Amino acid sequence: MHSRCDLACDHCYVYEHADTSWRGRPKVIGDQVLAKAAERIGEHAATHRLSAVRVVLHGGEPLLAGPDRLRRAAEAFRAALAPDCALDLRIHTNGVLLDRAFCELFDELGVKVGVSLDGDRAANDRHRRYADGRSSHPQVLRAVELLRRPAFRHLFAGLLCTIDVENDPVAVYRALAELQPPAVDFLLPHATWEEPPKRPSTAGRAPYADWLLAVYDRWEADGRPFAVRTFESVHRTLRGLSSLTESLGLEPSDLVVLETDGTFEQADSLKTAYDGAPATGFDVFTHSLDQVARHPGIAVRQAGLDGLSETCRTCPVVRSCGGGLYAHRYRDDDEGGGFDHPSVYCGDLMTLINGIAGRGNPLPAVPAQGTEPVVPAALTEQQLDELARGHGGPDTVRALARSQLAVTRAMLAAAWGASGLRHSAAWDQLSTLDRTAPAALDAVLAHPYARAWAARRLAGDLGAGLGPLAGLAAAAAVRAGQGDALAVPVRGGVLALPTLGRLAGLPDGEAVVTGAAGGFTVRTASGEEITPADPRWQPVHRIRLADGWTIALEDTDPQRDSHDHPVEERLSEAERLNWTGALREAWELLGHDLPGYAEGIRAGLTTVTPLRPGPAGRDLSAAARQAFGAVGIARPATSPILGLLLAHEFQHVKLGAVLDLLDLHDPADTRLYPAPWRPDPRPLEGLLQGTYAHLAVTEFWGTRTLAYDGLPGAAADHARLQFALWRRYTAEAVERLAGSGSLTALGLRFADGMRGTIGPWLEVPLPAAAERAARATAVVHG
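Note that the coordinates shown come from a computational prediction; the quantities given were computed from them, not determined experimentally.

## Considering the nonpolar core
Ranked by size, the top nonpolar core spans 118 residues in total, and within it Leu-495, Leu-583 and Leu-646 carry the most contacts. Sorting elements by how many residues they give to this core places helix H22 (residues 639-661) first, with 13 residues. Setting aside its immediate chain neighbours within four residues, Leu-646 contacts Leu-583, Ala-586, Leu-590, Leu-605, Val-608, Val-631 and Ile-633.

As structure tokens, this is what we get:
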């Protein structure tokens, strides 16, 4: 927004480091640049059907651009986006000009405000001063106090603190904590191998890690009173989840900088490397954002493990560290120079990650009920609101699927690590495929039952040997068309290749699976060679339900017994055809009866596992927390009930994935709560799961009640009774959850969302007879 600043911070990468491009740029961004930038953002969001876009108004000091220009920018960006694309608009400021008028403007425009502050006055004055040497600390404190007022508290995005190891870490932490920010970013000062960070002679070998760990210990002791992206990113990446910051983890960078003259730059932290380092040669008038995204300097920051140096790729903490911030890798040497090096903070990052991991329990703490939540990068605010209402469109469910894939990877790695083994052909194969054929590996690891073995192993079931790893590795190799031979266990006469099928009727022991383009061969211990043409090969049934969507009717995977109910054995051809017809009819009915749920189901449901029938007259279905994408069902008598069971169980699937990402309740609450639909009280999470699932049940019976539109008959009366019953039960359960006192801020948000979904159904008039029958019904088992 503005290329100059009213402070003269001596650690600023814009003015004090290698790049000098700011000298030749306009001081303030022009209206034509703003208009074209809004146009580019709008077309990019529309082309890629983005549900949200984040825009940060930056500098220099962006407040120097003045309120009128800031208003024009915000209005232009909002106008350029479709109504279903959210704009996350923020401004990052040094705070010295922030006054009530600016806060009122940002309140009107929905702009979140982040402020730079390095700690108490002594710490802040070490670098953040005016050009004449005056302290900026009083002005920044005044700005923060303004943001803490009730009228503007919702605008306060947090504080940004650049580390100086000569400042007392605990004093800095306390000074920031006293301001009660919602979040604090502790940033390593920008440095390269050519201009390394200062390391005082009195400090240890990893002074920046030591400094951060001192803060971490105090933050933990205080109960994590605010979010810290660095610490939370280490927690998350240690669990196999995504990082919240570009400076850690292997997630692709999705950031580009627009300068005041309309030129596009890579991450502005590159200004610390060399003069002109962030330049792309592109500008907003000539180039689209898709063209910018293909720039080699941006593409390399989206390459994950492949974009790192050889040293980094072999490092044990690489999935947490991610090579550190790209700019910090720069070295001008005789071996090609550039960024193909570890971070200049390599030792500090390893010490920090190992230090946090060694302190135990890298799980996020539960914030007190009603405190400001922090939404993980895996979900946007809009997606979180969709899920809170019980729904979740295709993009939202796919985001959950990506997070679940990361959890599966982490659990497999943890189970392997816990084995104590250093080497196995299966693990080596998985590691190789992760580099050479990641799509094939992900297709297997995304299979709902891929992590069932790991869950059992980590739960202490040492009888769950390492054999399933070989099946996963062999299946991925077959999908990749790679010819590596791998020994796979045969148990109970069956050799299983998850997502592909199983070979039955073999002698127990081992058989060697060799992948090849278009198929595979299996060599038994006796030397017999078997191909998929052999009648003993039982492929996974695939059922096409709609254009571009097929699901697996899973009756081959030995890990599918994860639903707490006995599973069916291999289906006969007649049974397969019955399932096929019933599922196709059920899907068609779901599109009519539950349109708010159907597309999310299509995006996330990959597998239906047939269960054995339950007691006569009882419909049987189940989801499994460690099997995202699968539901287990005993085929009911009618297709509408099959559709209802699919929707009901997929609610459990979605909420389970949410609970792997977010704390919705306090796990320390061990009380049991009455559930209206059960005779036995439930733990809080059980009540939450049931309530969430019954949102879909209520809507199912509600839409069928409306379809009957007052018509007489037994079917209509049954629908009205079920609707009256489930809307009453679900509404009661929502209020019980909200009144528990054990929901986190995000949990309360879910309660509000569920309340908003059930509310309109409570207003639908019903015959008095249906209401009386619902009140007279004692308990209905869901």
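Having seen the model, we can carry on.
## Overview of the sheet that holds strand S10 (residues 485-490)
Ordered by their spatial adjacency, four strands build an open sheet running S10-S13-S14-S15, and the pairing between neighbours is antiparallel. The open sheet terminates on both sides in strands that have one partner only, identified here as S10 and strand S15 (529-530). Across six bridges, the pairing between S10 and strand S13 (residues 509-516) is antiparallel. Looking at the pairing, Ala-485 lines up with Thr-514 of S13. The strands touched by helix H19 (residues 467-480) within the sheet are S10, S13 and strand S14 (519-523), with S10 carrying the most contacts at an inclination of about 135°.

## Brief notes about the packing of helix H16 (residues 425-436) against H19
Between H16 and H19, the shortest axis-to-axis distance is 8 Å and the interhelical angle comes to 35°. As for how H16 packs across H19, the hand of that crossing is left-handed. Listed contacts from H19 to Ala-426, Trp-427, Gln-429, Leu-430 and Leu-433 of H16 are Leu-469, Ala-470, Leu-472, Ala-473, Ala-476, Ala-477 and Ala-480. Class assignment for the residues of the contact of H16 with H19 results in 11 nonpolar, one polar and no charged.

## Side note on the pairing of strand S1 (residues 52-57)
By the alternation rule, side chains of S1 split into Val-53, Val-55 and Leu-57, which are all buried, and Ala-52, Arg-54 and Val-56, of which none is buried. Relative to strand S2 (residues 86-93), S1 is paired through six bridges, and the arrangement is parallel. Its bridge partner being in S2, Val-55 is matched across the sheet by Leu-89. Note on the crossover from S1 through helix H2 (residues 67-80) to S2: the handedness is right-handed.

## Here's the deal with the sheet that holds strand S8 (residues 263-265)
Strand order in this open sheet of three strands is S7-S8-S9, and the pairing throughout is antiparallel. Edge positions in the open sheet fall to strand S7 (257-258) and strand S9 (279-283), since each of these has one partner strand only. Bridge count for S8 against S9 is two bridges, and the pairing is antiparallel. Looking at the pairing, Thr-263 lines up with Asp-283 of S9.

## Regarding the packing of aromatic side chains
Under the definition given, this model contains 18 aromatic pairs. For the pair Phe-520 and Trp-537, a centre-to-centre distance of 5.1 Å together with 70° between the ring planes defines the contact as edge-to-face. With Phe-520 in strand S14 and Trp-537 in strand S16 (residues 537-539), this pair connects stretches of sequence that are 17 residues apart. Like Phe-520, the residue Trp-537 is buried in the burial classification. Judged by centre distance (5.6 Å) and plane angle (90°), the rings of Trp-726 and Tyr-729 are edge-to-face. You can see Trp-726 and its partner Tyr-729 sitting in helix H24 (residues 714-738), three residues apart, about one turn around the helix. The burial state of Trp-726 is the same as that of Tyr-729; both residues are buried. Here a set of aromatic residues connected by ring pairs shows up, and it is made of Phe-186, Trp-211, Tyr-216, Trp-219 and Phe-231.

## Focus: the side chain of Ser-135
Within the fold, Ser-135 resides in the loop between helix H4 (121-125) and helix H5 (137-148). What makes Ser-135 buried here is its relative accessible area of 11%. In terms of polar contacts, Ser-135 uses its side chain to reach the side chain of Asp-125, at 2.7 Å. Engagement of the side chain of Ser-135 in a polar contact is seen with the backbone nitrogen of His-137, the distance being 3.1 Å. Residues contacting Ser-135, with those up to four places away along its chain left out, are Arg-121, Asp-125, Arg-129 and Tyr-130.

## What to know about the pattern of salt bridges
Tallied over the entire structure, the rule returns 49 salt bridges. For Glu-166, the salt bridge goes to Arg-126, with nearest N and O atoms at 3.4 Å. Residue Glu-166 is located in the loop between strand S4 (156-162) and helix H6 (169-177), and its partner Arg-126 is located in the loop between H4 and H5; the two are separated by 40 residues in the primary sequence. With a shortest N-O distance of 3.7 Å, Arg-728 and Glu-771 are connected by a salt bridge. Taken as a pair, Arg-728 in helix H24 and Glu-771 in helix H26 (residues 768-776) lie far apart in primary sequence, 43 residues in all. The exposure class of Arg-728 is partly exposed, given its relative accessible area of 32%. Salt bridges here are not isolated pairs; linked through shared partners, they connect Asp-19, Arg-25, Glu-259, Asp-261, Glu-265 and Lys-271.

Criteria and cut-off values
Residues numbered from 1 in each chain as written. Predicted model: local features only at pLDDT ≥ 70, side-chain atom pairs only at ≥ 80, totals over all residues. Heavy atoms only, no water. Core = buried A, V, L, I, M, F, W, Y, C linked by side-chain atoms within 4.5 Å. Buried < 20%, exposed > 50% of the residue type's maximum accessible area, 1.4 Å probe, protein only. Helix = DSSP H or I, 4+ residues; strand = E, 2+ residues; numbered from the N terminus. Contact = heavy atoms within 4.5 Å. Pairing = 2+ DSSP bridges. Axes fitted to C-alpha atoms, helices over the stretch in contact; angles between N-to-C directions. Left-handed = near helix turned anticlockwise from the far one by under 90°. Nonpolar A, V, L, I, M, F, W, Y, C, P; charged D, E, K, R; others polar. Right-handed = clockwise from strand over helix to strand, strands pointing away. Phe/Tyr/Trp six-rings, centres within 6.5 Å; stacked < 30°, edge-to-face > 60°. Polar contact = N/O pair within 3.5 Å; in protein donor to acceptor, adjacent residues only side chain to side chain. Salt bridge = Lys/Arg side-chain N within 4 Å of Asp/Glu carboxyl O.

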